Amino acid sequence: MGLRVFVVCRPTTVGFSLLLFSILAGCEATPSVSVDRLVAYQAGIDLSGLKPPQALQLLKVAASIPNRWEPLRFQRRFVYVHQQWRSPSRNTGIGVAYIHMPLPVSAKMILWFAKTQYANQSRSDGKPMGTLLGQWTDSIGRQWFEAQDNKYHVKGYAITNGFDAWIIYSGYRWRNGLNLPEIAMAERSMDSILPTPIVASMAQRALVESR
């Protein structure tokens, strides 16, 4: 359909040089994930080294951010807001982008177009800027992607709920060597992030069923 928004995220500090997301108007009015499975999965996440879950109202998520990780400059645009956090080594980061559209969006369409755009980007010498390493759907229904260019490795997923969409990701500078504890902490933090509208809809459903 006709609505198309492209967002390129290139933070100056973490520098994930990826096209993080693109939105094509779809027709997905229900959550793209199994909410019950998502909540059950998050109950088993190891939160050691992470802050207690906190509501990030502008991003419309609840998240457990790693202790001592620095929040970078909050970005606000016409259809999206975006926040990143950087590790003490400055080699690893996590990020959340929240998008609200006038039409329902599809997580599969978001990542399909992101994959197409990222694969087609090229440097001034004509060589590809990066490589999309994979795209898959997990048992919860999250749409995952993994990509790498000559500096950065990024992994993340998309969730949609009616007019709302989220891209949740983590990444690191792979040429600086792998800081495995930081990478693991980033991935656990990324797993902890839960869109609050989905939680609210689940609570409302439970209230209705209990009557």
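Residues numbered from 1 in each chain as written. Predicted model: local features only at pLDDT ≥ 70, side-chain atom pairs only at ≥ 80, totals over all residues. Heavy atoms only, no water.

**Some details on the overall build of the protein chain**
Logical step 1: From N to C terminus, the protein chain includes four helices and 13 strands.
Logical step 2: By the burial criterion, 50% of the 211 residues in the protein chain qualify as buried.
Logical step 3: Counted over contacts in the protein chain with a minimum sequence separation of 6, partners at least 24 positions apart contribute 59%.
Logical step 4: Summed over its atoms, the accessible surface of the protein chain is roughly 10400 Å², and 56% of this surface lies on carbon and sulfur atoms. (Helix = DSSP H or I, 4+ residues; strand = E, 2+ residues; numbered from the N terminus. Buried < 20%, exposed > 50% of the residue type's maximum accessible area, 1.4 Å probe, protein only. Contact = heavy atoms within 4.5 Å. Areas by Shrake-Rupley, 256 points an atom, 1.4 Å probe, with all protein chains shown as cover.)

**Here's the deal with the packing of aromatic side chains**
Any pair of aromatic rings gets described here by the distance separating the centres and the angle formed by the planes.
Logical step 1: Under the definition given, this model contains three aromatic pairs.
Logical step 2: Residues tryptophan 144 and tyrosine 157 carry aromatic rings whose centres are separated by 4.9 Å and whose planes lie at 50 degrees to one another, so their mutual orientation is tilted. With a gap of 13 residues between them, tryptophan 144 in strand 10 (residues 143–149) and tyrosine 157 in strand 11 (residues 152–161) connect regions that are remote in the sequence. Considered together, tryptophan 144 and tyrosine 157 belong to a single accessibility category, that of buried residues.
Logical step 3: An aromatic cluster is built from Trp136, Trp144 and Tyr157, whose rings are joined through pairwise contacts. (Phe/Tyr/Trp six-rings, centres within 6.5 Å; stacked < 30°, edge-to-face > 60°.)

**Concerning the sheet that holds strand 3 (residues 54–56)**
Logical step 1: The three strands are arranged 3-4-13 in an open sheet whose pairing can be described as antiparallel. Whereas interior strands pair on both sides, the edge strands pair on one side only; in this sheet they are strand 3 and strand 13 (194–195).
Logical step 2: By the bridge criterion, two bridges tie strand 4 (residues 61–63) to strand 13 in an arrangement that is antiparallel. Within the sheet, the bridge partner assigned to valine 61 lies in strand 13 and is proline 195. (Pairing = 2+ DSSP bridges.)

**Examining the nonpolar core**
Logical step 1: Ranked by size, the top nonpolar core spans 25 residues in total, and within it Trp85 and Val96 carry the most contacts.
Logical step 2: Breaking this core down by element, the ones donating at least two residues are strand 4, strand 7 (80–86), strand 8 (92–100), strand 11, strand 12 (164–173) and helix 3 (180–192).
Logical step 3: The contact partners of valine 96, leaving out residues within four places of it in the chain, are Leu59, Val61, Val81, His82, Gln83, Trp85, Trp166, Ile167, Ile168, Tyr169 and Ile193.
Logical step 4: Counting seven residues, the second-largest nonpolar core is a separate cluster that includes Ala107, Val154, Ala158 and Tyr169. (Core = buried A, V, L, I, M, F, W, Y, C linked by side-chain atoms within 4.5 Å.)

**A look at the side chain of arginine 86**
Logical step 1: Residue position: arginine 86 is located in strand 7.
Logical step 2: Arginine 86 gets classed as buried once you look at its relative accessible area, which sits at 4%.
Logical step 3: At a separation of 2.3 Å, a polar atom in the side chain of arginine 86 contacts the side chain of glutamate 70. (Polar contact = N/O pair within 3.5 Å; in protein donor to acceptor, adjacent residues only side chain to side chain.)

**Describing helix 3**
Logical step 1: End to end, helix 3 covers 18 Å across 13 residues, agreeing with the expected 18 Å (1.5 Å per residue, within 8%).
Logical step 2: Buried within helix 3 we find Glu182, Ile183, Met185, Ala186, Arg188, Ser189, Met190, Asp191 and Ser192. (Expected span 1.5 Å × (residues − 1).)

**Examining the pattern of salt bridges**
Logical step 1: Scanning the entire structure with this criterion turns up three salt bridges.
Logical step 2: Linking arginine 86 and glutamate 70 is a salt bridge whose minimum nitrogen-to-oxygen distance equals 2.3 Å. With a gap of 16 residues between them, arginine 86 in strand 7 and glutamate 70 in strand 5 (residues 70–71) connect regions that are remote in the sequence.
Logical step 3: Taking the relative accessible area as the measure of exposure, glutamate 70 reaches 38% and is therefore partly exposed.
Logical step 4: A salt bridge links aspartate 191 to arginine 142, with the shortest nitrogen-to-oxygen separation between them at 3.0 Å. Of this pair, aspartate 191 sits in helix 3 while arginine 142 sits in the loop between strand 9 (130–137) and strand 10, and the two are 49 residues apart along the sequence.
Logical step 5: Looking at arginine 142, the relative accessible area reads 3%, which means it is buried.
Logical step 6: When salt bridges with common partners are traced through the structure, they connect Asp138, Arg142 and Asp191 into a single cluster. (Salt bridge = Lys/Arg side-chain N within 4 Å of Asp/Glu carboxyl O.)

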